[in-house]
Each structure stands twice: as C-alpha cells, then as structure tokens.
Amino acid sequence: MSDARAQRLAAAVAARELDALLVTEPVNLRYVTGFTGTNGLAVVGAGADGARAFVTDFRYVERAAEEVDGFEQRRGGRELFDDVAGALPEKRPLRLGFDDAALSVRRHRELGAALGEEVELVAAGGMVEDLRRVKEPDELDRVRAAAALADEAFTAMLERGLTGRTEHAVALDLEDEMRHRGARAPSFPSIVAGGAHGALPHAEPRDVEIPAGTLVVIDFGAVVDGYCSDCTRTVATGELDGEAAEVYALVLRAQRAGLDAVRAGPSGREVDAAARGPIEEAGRGDEFGHGLGHGVGLEVHEAPRLAKSDESPLEAGNVVTVEPGVYLPGRFGVRIEDLVVVTDDGAEILSSVGKDLITV
C-alpha cells in the first residue's frame, strides 16, 4: 500500500522539479507511510529511484517497524526537525518541498535554521491531498464498512425513540452504538438538533428534551480502520405542519437531483448547481447557504468539494457527500445527506437508511 503511494508521490515530486518532499502532517503521513503514531515525518525523494526515509522517536520505533514499509527507518529525538538533514538525499544544493498549509511560520523558520543555506525550502502544499482525492479499492471498502456500521447504529438508536429524550442523550446513544459495533470513534461530534435548533447547520446537542411534532436533524458518521463516513437524516417526531412537510419534500427533490448529477467529468460547481436549482426555483435559495458536499476519506472533510467555488472535475474513485439543506431561523431545518462513490457513469450510494420522511 504505502510503496505504491510513495511511488506516485515521488513521480509528483519530480514533476514539480523538487529533489524531495518533506511529509509532516499526520493524516498525510499515514496515507504515504501507513504510520498511525503522533510523532513522525517522512522524506520522499524525486523519481522512481529517489531515496525514502522515515523518522520517529523512541516511543514509536516498534510501531513504525510494524506499519512502515519501503522507507529507511531512522530514530530521532522528540524534536524531529533536528533529524531532517540526516534523512535528506546527499545532493546539494537541494530543493525540499514542504506543506505550507500545515507548517507555521515559526516552525518554518526553525526548519530552515536546522537545514542550512544549501537546502531551499519550497512551498508544496496539497501534493499528498491531490493523491488522496481518488480512493484505492481497499480505501473504498473501508469507507463502505464505516457507512454500513454508522447506518446500523442509527437504526438501532432510532428504535428507542426521540420524543422526551435530550439531544445530548440521543447523540451519546448513537455514538455508543457505533463504538459497540466496532467503530474506533465517531467521524465528528454527532449533531442532534430538534425544532428551531435544527436551523443551525452545525448545531451542538443540548440538554434539552426533543418535543413531539417537530423535525430533528441528525448528522453522524463512524471511523472504521482509519476511514470516515458521513450521513444526515431529518426525522419527524409526530405530525408536522404543512410547511415543514413541504420543505422536506423540496430538500429530498434537490438531493435526488444532486445524486443524478454525480459522475466522473462534471465539476463540483456543476453538481452543486444541479441540487441548488430546485431550491432556488422554490424561492428558498437564501435558506441554503452552504456547499452541496465535500470529500470524505481519512478525514471527514477533504477534497474534492461540491460547491460553487470548485471547478475541478470529479473523478471515478472520489468519495463525496451530497447534502442540500434548507434552514428557517427560529423554526426548523432540513438536511438530507448521502455518502457516495463517484463512478464513470454515476454514483454508488453508500448510505442505506431510507429517505422518505421517517416519523418516530
């Protein structure tokens, strides 16, 4: 796994006219090397014959020996930047790429001082993230497993009802169900938001009881073997007024339009527009203020994005969410979200919970 990824990264390093790339961001480091510890770095030399080195401290030497293949393994001190120079190719002068999105100004200054004038630090953020956009078959299997587990946990939690329970209690119940089924953790703190609280797209569960006759937005996901899932369902706790039911039907129609637009080729902007159109046509465009979706993998929010700002084309193997929403401040919110794999001719929907309005 890590060897093939390192080879692809080495080719990208050469294409950027760098001599090597320094990988320090923990998620990127895991992707490239397989290392799951909290203190490590890797150097990937340019081209097929480029040197590869992995450095960690005493605490993680044995873990690295089990997890990291295809890299020269070196033991450093707790401050690993002091050991970067020894892990670099011998060539001088040397152009070393680094992740400028993850490295602070202070750490950049410290790294430059440790390496000296013959090593040029070149901003190269996003190189690993570009590789992570398209998932390998094994990665897709892990995302599928995470989605299936989370859906099972949601269904089990819902069987115990919502009315009279606090949002916080429901969120804890859902996350406990995920862990009991084998999830390492939730992908993110679960959102459970009833009534007017559901009009906050990123609401936090409160110690407030969920009443009857309202909508409840529940956004949840699980981490399985390092990979995340993400799903949202909006459920009813009894009979709704006409507008709430109407808005739910509108969001469901928009969500299906977005799903129909997902395939390799269109841009994130185009897919976003497909789902946004029905909501705007209904005069509720201002009530859908976020993008349609985002990539999911080792992180629950990663590239690509389904949004007005993303002109990059979708590719087969991307994993994205499709999650339109309409939010009426002080009243209620509706969001419906599926996790999907982009294919050449459509989308494989991983979320299995039904989307017809559920009344609990």
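Just so it is clear, the model here is predicted, and its values are computed rather than measured.

Enquirer: Explanation requested: the environment of Glu 177 in the structure shown.
Expert: Positionally, Glu 177 belongs in helix 8 (residues 167-180). Residue contacts for Glu 177: discarding those within four places in its chain leaves Ala 153, Ala 156 and Arg 160. Only 2.5 Å separates the side chain of Glu 177 from the side chain of Arg 160, close enough to count as a polar contact.

Enquirer: Looking at this structure, I do not really get the environment of Asp 83. What am I missing?
Expert: Looking at where Asp 83 falls in the secondary structure, it is placed in the loop between strand 4 (72-75) and helix 4 (84-87). Here Asp 83 falls in the partly exposed class, since its relative accessible area comes to 24%. Here the alpha-carbon distance between Asp 83 and Thr 56, two residues 27 residues apart in the chain, equals 9.3 Å. Look past the residues within four positions of Asp 83 in its chain and what remains in contact with it is Val 55, Gly 76 and Gly 77.

Enquirer: Sorry if this is basic, but what is going on with the nonpolar core here?
Expert: Soluble globular proteins: nonpolar side chains tend toward being buried together. Ranked by size, the top nonpolar core spans 38 residues in total, and within it Leu 9, Leu 21, Phe 54 and Phe 71 carry the most contacts. Counting residues per element, the ones that place at least two in this core are helix 1 (2-15), strand 1 (20-23), helix 2 (26-33), strand 2 (40-45), helix 6 (127-132), helix 7 (137-158), strand 11 (227-228) and strand 18 (338-343). In this structure Leu 9 touches Leu 21, Val 23, Val 32, Val 44, Met 127, Val 128 and Leu 131, once residues within four positions along its chain are discounted. Counting residues in hydrophobic clusters, the runner-up holds 29 residues, among them Ala 236, Phe 288, Phe 332 and Val 340.

Enquirer: Would you mind showing me how to read the packing of aromatic side chains here?
Expert: One pass over the structure, following the stated rule, counts three aromatic pairs. Consider the rings of Phe 35 and Tyr 60, whose centres lie 5.8 Å apart with planes at 90°: the pair is edge-to-face. Placement of the pair is Phe 35 in the loop between helix 2 and strand 2 and Tyr 60 in the loop between strand 3 (52-56) and helix 3 (61-67), with a sequence separation of 25 residues. The interplanar angle of 0° and the centroid separation of 4.8 Å between the aromatic rings of Phe 154 and Phe 220 together place this pair among those described as stacked. Of this pair, Phe 154 sits in helix 7 while Phe 220 sits in strand 9 (residues 215-220), placing them 66 residues apart in sequence. Just as Phe 154 is buried, Phe 220 falls in that class too.

Enquirer: Is there a simple way to explain the sheet that holds strand 12 (residues 231-236) in this structure?
Expert: Sheets are built from strands paired through backbone hydrogen bonds, the pairs being either parallel or antiparallel. On the basis of which strands lie adjacent, the open sheet formed by three strands has the order 8-9-12 and antiparallel pairing. Both edges of this open sheet fall to strand 8 (191-194) and strand 12, since each of them pairs with a single strand only. Strand-to-strand twist of the sheet, defined as the mean angle between neighbouring strand axes without regard to direction, takes the value 10°. Bridge analysis of strand 8 against strand 9 gives four bridges, and the strand direction is antiparallel. The residue bridging Ile 191 from the neighbouring strand is Asp 219, located in strand 9. Most of the contacts of helix 8 go to strand 8, to which it runs at about 150°, and overall it touches strand 8 and strand 9.

Enquirer: Got a minute to help me understand the pairing of strand 15 (residues 319-322) in this structure?
Expert: Along a regular strand, successive side chains alternate from one face of the sheet to the other. Residues Val 319 and Thr 321 line one face of strand 15 and the alternating positions Val 320 and Val 322 line the opposite face, and both faces are buried. With four bridges connecting them, strand 15 and strand 18 associate as antiparallel partners. What sits directly across from Thr 321, in strand 18, is Leu 339.

Reading the values: the criteria
- Residue indices begin from 1 for each chain and proceed along its sequence in written order.
- Note on the predicted model: pLDDT of at least 70 is required for a residue's local features to be given, and 80 or more for side-chain atom pairs to be given and counted; whole-chain, interface and lining totals, by contrast, use all residues.
- Excluded from the side-chain calculation are hydrogens and water; included are all heavy atoms of the structure.
- Think of it this way: any DSSP run of H or I at least four residues long counts as a helix, any run of E at least two long counts as a strand, and we number them from the N terminus.
- What makes two residues a contact is simply this: any of their non-hydrogen atoms within 4.5 Å.
- Two N or O atoms count as a polar contact when they lie within 3.5 Å, although within protein this holds only if one can serve as hydrogen donor and the other as acceptor, and sequence-adjacent residues are included solely when both atoms are side-chain atoms.
- In this scheme, a residue with accessible area under 20% of its type's maximum is buried, one over 50% is exposed, and one in between is partly exposed, where area comes from a 1.4 Å probe on protein chains only.
- Nonpolar cores were defined as sets of buried Ala, Val, Leu, Ile, Met, Phe, Trp, Tyr and Cys residues, with membership established by side-chain atoms within 4.5 Å.
- To pair, rings of Phe, Tyr and Trp, with the six-membered ring standing in for Trp, must have centres within 6.5 Å; the planes then decide the type, stacked if under 30 degrees apart, edge-to-face if over 60, and tilted in the middle.
- We call two strands paired when DSSP finds no fewer than two bridges between them.
- Inter-axis angles, ranging from 0 to 180 degrees, are taken between N-to-C directions of lines fitted to C-alpha atoms, where helices are fitted over the stretch in contact.

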